[in-house]
Amino acid sequence: MSDRTMARQVLLFIWFLSLSSALGQVSYSIPEEMAKGSLVGNIGQDLGLDLKRLKSGKARIYTGDSAEYIELNKERGVLLIKERIDRETLCGQTTPCALHLQIILDNPMELFRVTVEITDINDNSPLFKRDERRFEISESAVVGSKFMLEKAIDADIGANDLQSYFLQPTDHFNLKLHGQSDGSKKVEMILQKPLDRENQENMSLILTAIDGGEPPKSGTVQIHITVLDINDNAPVFAKPVYTAMITENSQSGTPLITVSASDSDKGTNGDVSYLIANSDGVSDIFHIDENGLVILVGKIDFETAKHYQIDIEAVDNGGLSDSSKIMVDVIDINDNAPVITVMSKSNAIPEDSLQSTVTSIINVNDPDFDSNGLVHCSVNENIPFTIKSTSNGFYSIVTDRNLDRERESEYNISVTCADEGVPSLSSSVTLSLQISDVNDNAPVFDKGSYEASVQENNTPGLSIFTVRARDADFNQNARVSYILEDSSVNGVPVSSLVSVSADSGVIHAVRSLDYEQIKYFQFRVKAQDGGSPPLSSNVSVKITIQDQNDNAPQVLYPVQSGASVVAEIVPRSADVGYLVTKVVAIDVDSGQNAWLSYKLQKATDRTLFEVGLQNGEIRTVRQVTDKDAVKQRLTVVVEDNGQPSRSATVSVNVAVADSFPEVLSEFTDFTHDKHYNDNLTFYLVLALAVVSFLFIVSIIAILSVKCYRWRRERMFYKSGANLPVIPYYPPLYADVGGTGTLQHVYNYEVCRTTDSRKSDLKYGRPYSESIISLDSSGTQTLRHAQKERLNYDDCEDQQKPPSADWRFTQNQRPGPSGAAATPEVAMGTGPWPNPPTEAEQLQALMAAANEVSEATNTLGPGTMGLSTRYSPQFTLQHVPDYRQNVYIPGSTATLTSNQQQPQQALPPPQAAIAAAAAQPEPPKAAQTPASKKKSTKKDKK
């Protein structure tokens, strides 16, 4: 292909692109005969679409009924050659030749029009229909005689089309070309030199047709000329051009037109014959007979060709001829119904789709002309859809109102398209569209509220009844689950009474119900569907508990007691109907289960008493006589009206006497008239055995403690020390207060008597065992040389001066009890409280000893202070008006009741004593005879 041709194609391509931009579509221009897979254009870039949009939109090409020559590569976004394109096969002589494509995308639906122009290349040589042509020419033919030659056919167009003819040799003939309205050229061979049969009877010429391609291509035909003798007049047509019209789809044999040509010669030289000279297939559609009548022999279709040009030739017997043409116009009739093609459709749309949602796109094509090709489309009535025209031949089916799947779950949309021809032709197509469900309906219960009843004492898990709700939605959105809402009945969660099955709605009793506790209760059940988000509704449920006769009557009077005997006294002068007493009973059941009746089951004398059936009144039925026994025992049965009935019995003791002593003498042994239960006897014997065992163990323990104390006392006497022998009296009391920690622990022994207010008190100097021992039960006293006798009366009447032992150094003076020491006290400069007198000391210590004697039994071994009654810090809170402090002579310690101060660290000797105190201590000392005597007197008082 030359540079000139290439430049023209580039300019043509640029012109098409500009035109496409102006028309709002994409156009390409490609030459024919391109190889498969060749690039046509980058459609994604030209349409402004990215590759993701082409893939997600399922881009595809629609070409109608024509063959698919172009394919879309969605991976690259380009158009490629799918099949080899032959412009001559595709368009013939039509120019321009173009492929019209539609590119369709979904989600959302879009449509783009693409035009691909096919440019011609010089791939076809000029061709003659016949390889040779024979002429018989009279020698008398004059110079300038015309002989029509067969036109060559070149399938190419434009510059590649047929351009010229050459005839060789040119001794007698040359060529003359005549241009025609369709762009073709009529070829005539002109005689330019008279013929001489005697010199040359036969001649052979070659007619060459050359196109304008680069390089040019050519075709040839052999022309054989036979020179005849004398026929010097050629036929002549009456008209150079004939016109005719014919309706499409006319039957074969339909006459079209009659042409005529005349020849001035006579005889056989004047006979004229007609023929059709077209070489493009027209002779297959039309035929001309010897009379010049043109008739239809093939099928004619307006949609295939709207016009025909018939080249006719009139030839006489001498070979002379004339040519003319017939212009045939095809008249269109409405013979094509609209063709409906579904471009894209949705199988289902949700019921909450907005109005004007596109459900389908269709293409409607009617190849008829004018009004026969005008199409109007509609959909069936009473459906929420309508059809709209979007572009030339394309329609969209859209929603025009709200959808409801519960009312209609599927639609069959019938699309009917009719043209405006007479008669009108139509086509229809039915599109099925499913309406997908959206969770827009809440579950609805069958009833506004539910009531049910259940017998009390039911078995747990009993199915009471079923609540049922229905959801108009579909599938998962219609799956209903039942939930018991949280509430309480008399402070008890309702979930502990009943449960509801999530799937079936069956309400079960969780436990056995009791009518006497709950007569009815209400709760709410929620029905919830499986949509997202879920919808729900609730309903009120009332369950009434039906009473059963599960409670026996309870006798309120007379009260039955085994400890004492209650007897009703009836004087012997009582008349008939005398009211002895009334049995009062109740039944916690209700209804007829609580109706009570009273009957006399047993009686000492049945003829003397009767019981009212309804009121339980015990009355005499006859006059009391002297012969009647004093002791009368009645057994009354109280029975309810349930099925089966339950009963209770009560025994009534009646004394028939006129005076109380008489009654008392008769009923002394009444209480012993009992039937002991075997089990009760067994338990009493067992309890007696256990008590006896514990008593023996206690005696052994007391003897062991006494032996241990006696050995301890003997050991102290034999030690020879100056310290007096102080018996061991557990438990030990140690000051552990935070404000008065003892640096030295003292032992005190207080001896008191039960019938005297005088007691002995002994306190000694500190020694190695830091123990404060208080025992009020001891009977031994210290020697007169080692103890000081004190008298309570003397202490109360006379106050002695303070002892010199109470003079502390500045560093040994404690602060006030229950409060932290002030800096002055810590440094020995603070004020010192008035020291207590010896009487005050004695009074405090004797009161403490008295309390200790009463709390001895509450102390346990191994403790550092009082157990239950006393805190680990030994305090004398009971001492009135003593400032809550106890001062010990010769010590820096203060016994105080303050429990809030932290325990101070002990010096090393005291730390050892505290560790020793943590060891298990000897058993608690038993009471002495003196203490036993004291407790005995207190008990008597």
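None of the values given here were measured: they were computed from a predicted structure.

1. Considerations on the overall build of the protein chain
1) Next: Secondary structure assignment for the protein chain yields eleven helices and 56 strands.
2) Next: When contacts within the protein chain are restricted to residue pairs at least 6 apart in sequence, long-range pairs at least 24 apart make up 68% of them.

2. Re the side chain of D311
1) Next: Summarising the element assignment, D311 is placed in strand β22 (residues 307-316).
2) Next: Among the residues examined, D311 registers a relative accessible area of 11% and is labelled buried.
3) Next: When sequence neighbours within four positions are dropped, the list of residues in contact with D311 reads K151, L275, I276, A277, N278, S324 and K325.

3. A few points about the state of the cysteines
1) Next: Counted by the stated rule, this structure contains two disulfides.
2) Next: Here C91 is linked by a disulfide to C97, with a sulfur-sulfur distance of 1.8 Å. Across the disulfide from C91 to C97, rotation about the S-S bond amounts to roughly 65 degrees, and the bridge is consequently right-handed. An identical accessibility class is assigned to C91 and C97; each is buried.
3) Next: The connectivity of the disulfides in the protein chain is 1-2, 3-4, where the numbers refer to bonded cysteines in sequence order.

4. Thoughts on the sheet that holds strand β28 (residues 385-391)
1) Next: Within the open sheet, the four strands sit side by side as β24-β26-β29-β28. Their pairing is antiparallel. Of all the strands in the sheet, just β24 (339-345) and β28 have a single pairing partner and so form its edges. Going from strand to strand, the sheet's axes swing by 30 degrees on average, the running direction of each strand aside.

5. Some points on the confidence of the model for the protein chain
1) Next: Mean pLDDT over the protein chain: 75, with 71% of residues reaching 70 or higher.
2) Next: Note on residues 14-24: pLDDT under 50 across the span, and six contacts to partners over four residues away in sequence or across chains.
3) Next: A low-confidence stretch, residues 851-941 (pLDDT under 50), is modelled with 187 contacts involving residues beyond four sequence positions or located in other chains.

6. Comments concerning the pattern of salt bridges
Where charged atoms from two side chains of opposite charge come close, those side chains can pair.
1) Next: Inspection of every chain in the model, using the stated rule, returns 20 salt bridges.
2) Next: E313 is the salt-bridge partner of R133, the closest N and O atoms lying 3.9 Å from each other. Within this pair, whereas R133 is found in strand β8 (residues 132-138), its partner E313 is found in strand β22, the two being separated by 180 residues in sequence.
3) Next: A salt bridge links R401 to D400, with the shortest nitrogen-to-oxygen separation between them at 3.9 Å.
4) Next: Each of R87, E88 and D120 takes part in one network of salt bridges that share partners.

7. Regarding the side chain of S344
1) Next: Positionally, S344 belongs in strand β24.
2) Next: In this structure S344 comes out as buried when scored by relative accessible area, which is 8%.
3) Next: Here R60 takes part through its side chain, which lies 3.3 Å from a polar atom of the side chain of S344.
4) Next: In this structure S344 touches R60, D106, M109, T359, S360 and I361, once residues within four positions along its chain are discounted.

8. A word on the environment of D123
1) Next: Mapped onto the elements, D123 comes out in the loop between β7 (110-119) and β8.
2) Next: In sequence terms D123 and G213 are 90 residues apart; their C-alpha atoms lie 8.7 Å from each other.
3) Next: Residues within four places of D123 in sequence aside, it is in contact with E32, E33, D86, E88, D156 and K217.
4) Next: A distance of 2.8 Å separates the side chain of D123 from the side chain of N124, its partner in a polar contact.

9. Focus: the packing of aromatic side chains
1) Next: Summed over the entire model, instances satisfying the criterion amount to eleven aromatic pairs.
2) Next: Between F302 and F369 the ring centres are 5.6 Å apart and the planes differ by 50 degrees, which places this aromatic pair in the tilted class. Placement of the pair is F302 in the loop between β21 (293-296) and β22 and F369 in the loop between β26 (358-365) and β27 (375-379), with a sequence separation of 67 residues.
3) Next: Judged by relative accessible area, which is 7%, F302 ranks as buried.
4) Next: A relative accessible area of 49% places F369 in the partly exposed class.
5) Next: A ring pair is formed by Y450 and F465, whose centres lie 6.0 Å apart and whose planes are at 40 degrees; its orientation type is tilted. Of this pair, Y450 sits in strand β33 (residues 449-455) while F465 is found in strand β34 (residues 463-466), placing the two residues 15 residues apart along the sequence.

10. Here's the deal with the pairing of strand β6 (residues 97-105)
1) Next: Among the nine residues that make up β6, seven are buried, leaving the element largely enclosed by the rest of the structure.
2) Next: The pairing of strand β3 (residues 60-62) with β6 spans three bridges and is antiparallel. By the bridge assignment for β6, R60 is matched with I104.
3) Next: The antiparallel pairing of β6 with β7 creates a hairpin that spans four residues between the two strands, and N107 there sits at a positive phi of about 55 degrees.

11. Looking at unusual backbone geometry
1) Next: A cis amide bond links N107 with the next residue in sequence, P108, at an omega value of -5 degrees.
2) Next: Residue position: P108 is located in the loop between β6 and β7.
3) Next: If you check the backbone angles, N249 has positive phi at about 65 degrees while not being a glycine.
4) Next: Note on placement: N249 falls in the loop between β16 (241-247) and β17 (255-258).
5) Next: Note on N249: relative accessible area 38%, which makes it partly exposed.
6) Next: Phi angles above zero are rare outside glycine, and D370 is one such case at about 60 degrees.
7) Next: Here D370 lies in the loop between β26 and β27.

12. Examining the nonpolar core
1) Next: V498, I507, F521, F523, V525, V541 and I543 are the most contacted members of the largest nonpolar core, which totals 29 residues.
2) Next: Counting only elements with at least two residues in this core, the list comes to β33, β34, β36 (480-484), β39 (498-500), β40 (506-509), β41 (520-529) and β42 (536-546).
3) Next: When near neighbours in sequence (up to four residues on either side) are disregarded, V541 contacts Y450, F465, V467, I507, F521, Q522, F523 and V525.

13. A look at the sheet that holds strand β14 (residues 218-228)
Either a parallel or an antiparallel arrangement is found when strands of a sheet pair, and the pairing is made through backbone hydrogen bonds.
1) Next: Here four strands make up an open sheet; going across it, the order is β8-β14-β13-β10 and the pairing mixed. This sheet does not close on itself; its edge strands, each paired only once, are β8 and β10 (162-168). Going across the sheet, the axis of each strand differs from the next one's by a mean of 25 degrees, ignoring polarity.
2) Next: With nine bridges connecting them, strand β13 (residues 202-211) and β14 associate as antiparallel partners. Bridged to T208 within β14 is T220.

The rules behind the values
- All residue numbers here refer to positions counted from 1 along the written sequence of the relevant chain.
- Under the rules for a predicted model, residues below a pLDDT of 70 receive no local features and side-chain atom pairs below 80 are neither given nor counted, while totals for whole chains, interfaces and linings still include all residues.
- Here the side-chain values reflect all heavy atoms present in the structure, with hydrogen atoms and water set aside.
- Numbering of helices and strands starts at the N terminus; helices are DSSP runs of H or I of at least 4 residues and strands are runs of E of at least 2.
- Contacts between residues were defined by any pair of non-hydrogen atoms, one from each residue, lying within 4.5 Å.
- Three labels apply to residues, based on accessible area from a 1.4 Å probe with only protein chains included: buried if under 20% of the type maximum, exposed if over 50%, partly exposed otherwise in between.
- The disulfide criterion used throughout: a pair of cysteine sulfur atoms within 2.5 Å.
- Only strands joined by at least two bridges in the DSSP assignment are considered to pair.
- All axes are obtained by fitting lines to C-alpha atoms, using only the stretch in contact for helices, and the reported angles, taken between N-to-C directions, cover 0 to 180 degrees.
- One number per residue, pLDDT, summarises how confident the predictor is, and it ranges from 0 to 100.
- By definition here, a salt bridge exists when the distance from a side-chain nitrogen of Lys or Arg to a carboxyl oxygen of Asp or Glu is within 4 Å.
- Side-chain atoms alone can form a polar contact between residues adjacent in sequence; in general such a contact is a pair of N or O atoms within 3.5 Å, and within protein one must be able to donate a hydrogen while the other accepts it.
- Only rings of Phe, Tyr and Trp enter the pairing, Trp through its six-membered ring, and a pair is recorded when the two centres are within 6.5 Å. The plane angle decides the type: under 30 degrees is stacked, over 60 is edge-to-face, the rest tilted.
- Nonpolar cores were defined as sets of buried Ala, Val, Leu, Ile, Met, Phe, Trp, Tyr and Cys residues, with membership established by side-chain atoms within 4.5 Å.

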